[in-house]
Every structure is written in structure tokens, then in C-alpha cells.
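Okay, here's what each chain looks like letter by letter:
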Amino acid sequence: MLKPLIRRLIEMTVVMALVVTIVFVIVRIAPGDPAAMMLGPDATPQDVADLRVRLGLDQSLAVQYLRYVGGLLSGDLGQSIFLGQPVGAALLARAEPTFFLTLFSLLIACTIALPVGILSAYWRGSLFDQATTTLAMFAASVPSFWLGLVLMQVFAVKLGWFDPSGYGGPGAGLGTRLHHLVLPAVALGIVSSALIARFTRASMLDVLGDDFVRTARAKGMSEWQVVLGHAFKNALIPILTVIGLTAALLVSGAIVTETVFGLPGVGSLIVSAVLRRDYPVIQGALLVIAGLYVIINFVIDMLYLAVDPRVRY
Amino acid sequence: MAATSTSMDAERGILAGLLRRPPAVAGLVVLVVIVALAIFASQVMPYPPGQLSIRSRLQGPSLLHLFGTDEFGRDVLSRTIHAGRISLAVGGTVVVVSALIGVTLGLFAGYFRRLDPPLSRLIDAMMAFPDILLAIALVAALGPSAVNVVLALGIVYAPRVARVVRASTLVIRELAYVEAARALGVPTPVILVRHVLRNLASPVMVQGSFIFANAILAEAGLSFLGVGVSPDIPTWGTMIAMGRQFMDQAGWIMWFPGVAIILSVMSLQLLGDALRDLLDPRLSRTT
């Protein structure tokens with residue numbers, strides 16, 4: 001148990017170091033002077049020179065890299081150019097809508113996908129199976145931001161059930177804030193349910209034919225107990241993996257969907273940072289999100305190890 | 001591995017196999033229609049895509065304008081067809097770029113044992129970034145343009161190709177005839193090109209169709225956010241971005257480009273699924 005853990009831990013550290021390096025490189029492949037790009041064409045050479053010093057761009061690349069890594073190790077993600085606050089604080093201030101949006105989308109996706117996946121595997125080849133498989137394929141092809149816009153058009157603009165955009169303004173209660181998340185969460189949830197449903201079906205098919213399922217039936221257990229208690233429980237590991245990966249994918253969807261619905265989350269922070277060329281914010285957001293992904297993956301791997309005695313690394 | 005016979009036979013076999021699968025046929029037909037519309041756009045567009053007509057602005061779908069008109073009175077059907085050229089071209093080029101980078105990375109990682117750990121960790125690290133996020137950051141660094149969007153998405157999807165290529169190469173390099181070639185002293189570059197690369201066609205093709213689908217979605221997302229191709233160039237993404245401002249009075253402006261995206265992406269996924277089943281029978285029972 002300990003040896004594979006240490007091995008994976010070392011691998012994860014290497015991957016994280018590479019992630020940090022990639023983020024560092026991306027911002028520096030920009031053609032021309034990032035300081036001049038950030039300030040725009042109206043900036044005086046003095047302004048540009050000042051910003052270069054502030055960002056440390058006047059130093060050699062090696063020094064910049066060491067400073068950057070040193071800052072990260074002490075928990076410093078840098079300073080936003082436009083927001084006048086540290087990147088870490090800016091990300092934290094925007095974390096709530098993104099967190100809730102991801103959480104609710106995942107809940108909606110699982111509520112749709114798990115029963116559909118289990119039943120379509122159970123009734124393999126039936127009309128239900130064919131219809132839901134086709135629907136899942138369809139859902140996976142819909143751009144989430146477009147579905148969001150269509151939902152907005154119908155339920156917010158035409159029917160007036162929801163506000164088309166925003167997060168209720170400052171000081172809005174939790175209920176109001178959550179109400180604003182319904183449409184974006186439904187849009188993202190439907191789109192991501194496709195992947196989970198497909199995986200649930202595939203994993204269920206894998207175990208439904210296994211001996212232990214036959215044994216359970218032979219023992220006279222009810223079908224319900226056989227399917228949920230035995231088969232689903234054993235199919236759960238790959239399903240949990242895909243749910244974990246979907247959570248990471250949802251971040252991609254959230255970036256665009258937050259912009260559609262004017263939610264003040266991390267996604268819209270990133271988009272505005274890109275439009276304003278606020279490189280420290282882009283850098284910090286990339287790092288935090290990729291870092292979360294690496295950690296989620298690591299945790300999933302460790303869960304495998306803990307749950308399934310057959311898995312060895 | 002598929003390609004033990006000549007590649008012509010293999011291709012014919014794949015096509016025949018696809019034609020036996022109804023979902024694949026549906027995907028193929030829709031894809032061929034969409035690609036044909038894009039190629040022959042100038043012949044099939046009912047109106048020039050840029051033709052302004054203030055008098056007929058924001059008109060709903062009618063016999064005159066099947067998909068309605070936009071805020072400048074331009075024909076939405078013509079613009080959807082025209083935009084398809086860019087969206088499909090971007091998607092297709094992304095497949096080529098990601099295949100070039102991904103095959104190189106995967107081939108080296110899979111064939112040369114010493115290169116495997118560093119390259120595999122690099123692939124892991126690149127896959128840690130959500131596709132849209134990495135693409136946004138790359139486009140932000142490179143500057144927004146169609147070429148840079150292709151480059152960025154090509155880099156974003158390259159690790160996916162690299163992973164399957166590495167896995168296949170690991171298998172191929174141990175095959176008896178590759179070992180025989182090594183024993184006979186055939187130079188490594190020749191082995192790589194003649195024996196390994198040729199057998200990678202099928203996994204790359206499968207991955208390519210999924211990347212094509214994803215690239216169409218990602219390009220639409222980037223253009224919608226205003227960090228992709230210039231808003232003046234009609235793509236399905238920029239059309240949706242423009243149309244959203246008129247959703248209360250003219251929803252069709254954004255509906256139809258969205259439907260075009262769905263049809264293209266779905267047909268590519270149907271094809272990719274069928275190809276995977278055909279080329280890798282081990283996987284077919286799970287789909």
C-alpha cells in the first residue's frame with residue numbers, strides 16, 4: 001500500500017512541476033513585450049518600463065522562473081494588473097458561483113445519467129436502450145453555451161421564470177443566488193450527463209454478465225437487489241472515475257456558461273483577464289485549475305488502490 | 001492490428017464495415033452533406049452571405065429566407081453555409097496539427113524506452129488543463145486569429161493522440177516482424193516509418209474523428225467568447241455570439257448555427273464510434 005502511494009506521489013509531483021513550467025512558458029511565448037501588450041498602444045515607454053520592472057520582466061528568464069516558483073511555494077500566485085489585488089484573493093472571491101455551478105451541474109448530470117445508464121444496460125438492446133443511447137449521443141454534441149442560450153430564451157426571456165443573467169447583485173440571499181444558477185446548471189448538467197450515462201451503461205454491461213451476479217440471482221435475491229446491490233456496486237469504481245473527470249470537464253463548460261449567464265465566477269474572471277491581457281490572473285487560474293485536476297486524479301487512483309485489491313501500480 | 005493486408009484492401013474493408021452499421025451510415029450521410037455544402041457553398045447559397053438588406057432585417061423563417069434574416073437583413077441560411085466553411089476548415093486543420101504533434105510525441109515515447117517517462121509525464125501535465133482553458137490561454141498569448149486558434153487547439157488535443165499512439169507503439173514494437181527487422185539491422189528511422197507508423201493509422205483515425213468533433217465545439221466556444229477568430233469572420237460560434245443580442249425578437253439567428261454544430265459533431269462522433277468498434281473489436285462490447 002505504501003510503495004505505490006509513494007510512487008504515485010513522486011509522479012504527481014513531477015506532473016505538477018511540469019504544469020507549473022507549462023504555465024510559465026505559455027505566458028512567455030507571447031510575441032512582443034507582454035508589458036507593452038497589457039498596457040495597449042497608448043502607453044508611454046516609461047509606463048512600459050515601469051510595468052516590466054513590476055512584473056520582473058527585466059530579469060533573465062531563469063531568474064523570472066525561480067522567482068515565480070519561489071512565490072508559488074510560499075503560496076503567492078502573483079498580483080493582478082487590473083484588479084489591484086492578489087490573484088489568489090481574486091480567484092477566491094469568484095469561487096462561489098463556479099463551485100455551486102459545478103456542484104449542481106454534476107448533481108443534475110448524475111440524477112439523469114445513473115438511472116438511465118443502469119436501466120439501458122439492464123434492458124440492453126431494447127427500445128429504451130436505443131433511444132437513450134441516441135439521446136446521449138445527441139446531448140454530447142450540443143455546445144453547452146448554446147443550450148444555455150436556448151434555455152435562457154425560453155425560460156427567462158419568454159416565460160420570465162428566471163433572470164436572464166447575473167447573480168442577484170451584491171447582498172443577495174442564498175436563495176436568490178441559487179435561483180440564478182438553475183438555468184446554467186441545467187444546461188451544463190444535461191450536456192455532461194451524456195458521458196456519465198455512457199460509462200454507467202458500459203460498466204454495468206461489464207458486470208451484469210459476471211458469475212457473482214448469476215450467483216446472486218440463484219440465491220433468490222430480488223432483481224432490484226441484484227442490479228443495485230451487487231452489479232452497480234461493482235461497476236461503481238469506473239463510474240466514480242468518470243464522474244471525477246466530468247467534474248474537471250465541467251470547469252471548461254463553466255468558463256463559457258458563466259459568460260453566457262453573466263455569473264461573476266472564475267470562468268468570467270478568466271475571460272475578462274484574457275480580454276484585458278491580465279497575464280498574472282490567466283497564469284494563476286490555469287495553475288489552480290490544472291492543479292485541482294492533478295489532485296483529483298491522484299485521489300481517484302488512491303481510491304482504486306484502497307477499494308479494489310486487484311489494482312496494483 | 002488492422003493493416004496486415006495492403007492498405008487499399010483495408011480501406012475497402014473499413015468502408016464496407018461502416019456501411020453495415022446504420023448509425024455510421026447516418027453519420028456518414030450527414031457529414032458528407034455538410035462537407036459538400038461547405039465545399040460548394042458559392043453554388044448552393046441562396047444569397048451572397050454578406051448581402052445587406054435593411055428593409056428585410058430580423059425576419060422570421062419564410063419561403064424567401066428559410067432560416068430567416070439577421071439584424072442586417074442578411075440571409076441566415078447562406079451565412080450558416082458560409083460559416084461552415086471556416087468552422088469545418090478549422091476543425092479539420094486542428095486534426096492534422098494535433099496528429100502531427102501527437103504522433104511524433106507518442107511514437108518516440110512508445111518506441112524509445114528512455115524517452116517514455118519524461119514524455120509521458122509531459123503528456124499527463126498537458127492533459128491536466130481543460131481544453132477550452134488551455135486554448136484560451138494559448139490564444140491569449142499568441143494573439144487571436146484563425147491560424148492561432150488552429151495552432152492552440154492542435155496543441156491542446158495533441159496529447160490525446162500521443163496517448164493512443166504511445167499505447168499502440170508499445171504493442172507494435174514487440175511484434176515479431178519488428179524485432180526481426182531490428183535483428184536484421186534495419187535502421188531505426190526506417191523501422192519507425194515503414195513498420196510502426198503504418199500500423200498507427202487506425203488508432204489515429206479513430207482519435208481524429210473525436211478530435212474533429214471536439215475542435216468544432218471548442219472553436220465555437222472560443223469564437224463565442226470573443227477570444228477565437230475575429231468576430232467579423234462568420235463561423236458558427238461568432239454567429240451565435242451575434243445572434244444572442246437579438247434572442248428576444250429573432251431567436252433563429254442563433255438557433256440554426258447551433259443546429260449545424262450539433263449535426264456536424266454528432267455525425268463525427270457516430271463515425272468515430274463505429275470506426276473504433278470496427279478497428280478494435282475488443283472495445284465493441286462496451287459500446
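Residues numbered from 1 in each chain as written. Chains lettered and ligands numbered in written order. Predicted model: local features only at pLDDT ≥ 70, side-chain atom pairs only at ≥ 80, totals over all residues. Heavy atoms only, no water.

Draft legend 1. Region of the structure containing the overall build of chain A. Counting secondary structure elements, chain A contains 13 helices and 0 strands. In chain A, the order of α-helices and β-strands from amino to carboxyl end is α-α-α-α-α-α-α-α-α-α-α-α-α. For chain A, the C-alpha atoms occupy an extent of roughly 80 × 60 × 35 Å along the three principal directions. Relative to its full complement of 313 residues, chain A shows a buried share of 48%. For chain A, the proportion of contacts with a sequence separation of at least 24, taken over those separated by at least 6, is 73%. Accessible area of chain A: about 15000 Å², with a carbon and sulfur share of 69%. If you average the places of the 21 positive and of the 18 negative side-chain charges in chain A, the two averages end up 8 Å apart. (Helix = DSSP H or I, 4+ residues; strand = E, 2+ residues; numbered from the N terminus. Buried < 20%, exposed > 50% of the residue type's maximum accessible area, 1.4 Å probe, protein only. Contact = heavy atoms within 4.5 Å. Areas by Shrake-Rupley, 256 points an atom, 1.4 Å probe, with all protein chains shown as cover. Lys, Arg positive; Asp, Glu negative; His and termini not counted. Charge placed at Lys NZ, Arg CZ, Asp CG, Glu CD.)

Draft legend 2. Looking closely at the interface of chain A and chain B. Counting from both sides, the interface comprises 51 residues of chain A and, opposite them, 48 residues of chain B. A combined buried area of about 4200 Å² lies between chain A and chain B, and 74% of that area is made up of carbon and sulfur atoms. Summed over the shared surface of chain A and chain B, the number is 2 salt bridges. The closest approach of N and O atoms between Arg121 of chain B and Glu11 of chain A, which form a salt bridge, is 3.8 Å. Connecting chain A to chain B are 6 residue pairs in polar contact (both at pLDDT 80 or more). Taken together, the elements giving at least two residues each to the side of chain A that touches chain B come down to helix H1 (2-28), helix H7 (127-141), helix H8 (144-158), helix H9 (174-208), helix H11 (223-260), helix H12 (266-275) and helix H13 (279-307) of chain A. Looking at the side of chain A that touches chain B residue by residue, the classes come out as 39 nonpolar, 5 polar and 7 charged. (Buried area = accessible area lost by both parts, 1.4 Å probe. Salt bridge = Lys/Arg side-chain N within 4 Å of Asp/Glu carboxyl O. Polar contact = N/O pair within 3.5 Å; in protein donor to acceptor, adjacent residues only side chain to side chain. Nonpolar A, V, L, I, M, F, W, Y, C, P; charged D, E, K, R; others polar.)

Draft legend 3. Quick look at the side chain of Thr241 of chain A. As for its position among the elements, Thr241 of chain A is in helix H11. Those residues in contact with Thr241 of chain A that lie beyond four places of it in its chain are Ile300 and Tyr304 of chain A.

Draft legend 4. Local environment of the nonpolar core. By size, the foremost hydrophobic cluster in this structure holds 175 residues, and its most contacted members are Val19 of chain A together with Leu222 and Phe224 of chain B. Considering each element in turn, this core owes the most residues, 15 residues, to H11 of chain A. Each of two domains, domain 1 (2-92) and domain 2 (95-264) of chain A, supplies a minimum of three residues to this core. When residues no more than four places from it in sequence are discounted, the contact partners of Phe224 of chain B are Phe145, Leu149, Val256 and Val260 of chain A together with Gly237, Ile240, Ala241 and Arg244 of chain B. Within the second largest apolar cluster, 5 residues are counted, among which are Ala109, Leu119, Ile123 and Ala162 of chain B. (Core = buried A, V, L, I, M, F, W, Y, C linked by side-chain atoms within 4.5 Å. Domains from an automatic or database assignment.)

Draft legend 5. Structural detail: the pattern of salt bridges. According to the stated counting rule, one finds 15 salt bridges over all chains in the structure shown. For the salt bridge of Arg8 of chain A with Glu11 of chain A, the shortest nitrogen-to-oxygen distance reads 3.1 Å. Here Arg8 of chain A pairs with Glu11 of chain A, and both are found in helix H1, just 3 residues apart, close to one helical turn. Residues Arg8 of chain A and Glu11 of chain A agree in their burial class; the two are buried. Linking Arg214 of chain A and Asp211 of chain A is a salt bridge whose minimum nitrogen-to-oxygen distance equals 2.7 Å. One end of the pair is Arg214 of chain A and the other is Asp211 of chain A, both in helix H10 (residues 211-218) and 3 residues apart, which spans about a single turn. The two residues Arg214 of chain A and Asp211 of chain A agree in class, both being exposed. Salt bridges sharing partners connect three or more residues here, namely Arg7, Arg8 and Glu11 of chain A together with Arg121, Asp124 and Arg163 of chain B.

Draft legend 6. Layout of the domain arrangement of chain A. Once the domains are mapped, chain A shows domain 1 (2-92) and domain 2 (95-264). Between the C-alpha centres of domain 1 of chain A and domain 2 of chain A there is a distance of 36 Å.

Draft legend 7. Here's a closer look at the packing of helix H11 (residues 236-243) of chain B against helix H12 (residues 252-279) of chain B. Residues and elements named next belong to chain B. For the pair H11 and H12, interaxial distance at closest approach is 8 Å and the crossing angle is 150°. By the angle between their directions, the pair H11 and H12 is classed as roughly antiparallel. Crossing of H11 against H12: the hand is left-handed. Seen from H11, the contacting residues are Trp236, Met239, Ile240 and Gly243; seen from H12, they are Ile253, Met254, Pro257, Gly258, Ala260, Ile261 and Ser264. Looking at the contact of H11 with H12 residue by residue, the class counts come to 8 nonpolar, 3 polar and no charged. (Axes fitted to C-alpha atoms, helices over the stretch in contact; angles between N-to-C directions. Parallel < 35°, antiparallel > 145°, perpendicular 65-115°, else oblique. Left-handed = near helix turned anticlockwise from the far one by under 90°.)

Draft legend 8. A look at the confidence of the model for chain A. Here chain A averages 84 in pLDDT, and 97% of its residues register 70 or above. Element-level mean pLDDT values for chain A span from 73 in helix H2 (residues 34-39) of chain A up to 91 in helix H6 (residues 95-122) of chain A. (pLDDT = per-residue confidence, 0-100.)

Draft legend 9. Broad picture of helix H5 (residues 116-127) of chain B. In this model H5 of chain B runs 16 Å from its N-terminal to its C-terminal C-alpha over 12 residues, within 8% of the 16 Å that 1.5 Å per residue would give. The complete set of buried residues in H5 of chain B reads Asp116, Leu119, Ser120, Arg121, Ile123, Ala125 and Met126 of chain B. (Expected span 1.5 Å × (residues − 1).)

Draft legend 10. How the structure looks around unusual backbone geometry. All names here are of chain A. With a phi angle near 55°, Arg277 is a residue other than glycine that sits in the positive phi range. Within the fold, Arg277 resides in the loop between H12 and H13. Classification of Arg277 as buried rests on a relative accessible area of 17%.

Draft legend 11. Representation of the packing of aromatic side chains. Residue and element names in this part refer to chain A. As enumerated under the stated definition, the model contains 10 aromatic pairs over all chains in all. Between the aromatic rings of Trp123 and Phe128, the centroid separation amounts to 5.6 Å while the plane-to-plane angle is 85°, which identifies the pairing as edge-to-face. On the basis of relative accessible area, Trp123 is assigned to the partly exposed category, the value being 41%. Members of the aromatic cluster, each reached through a chain of ring pairs, are Phe24, Tyr65 and Tyr68. (Phe/Tyr/Trp six-rings, centres within 6.5 Å; stacked < 30°, edge-to-face > 60°.)

Draft legend 12. Just the environment of Gly148 of chain A, in detail. Residue and element names in this part refer to chain A. Along the chain, the position of Gly148 falls in helix H8. Among the residues examined, Gly148 registers a relative accessible area of 0% and is labelled buried. C-alpha of Gly148 to C-alpha of Leu159: the two residues are 11 residues apart in sequence and 15 Å apart in space. Non-local contacts of Gly148, meaning those with residues more than four positions away in its chain, are made with Ala187 and Phe261.

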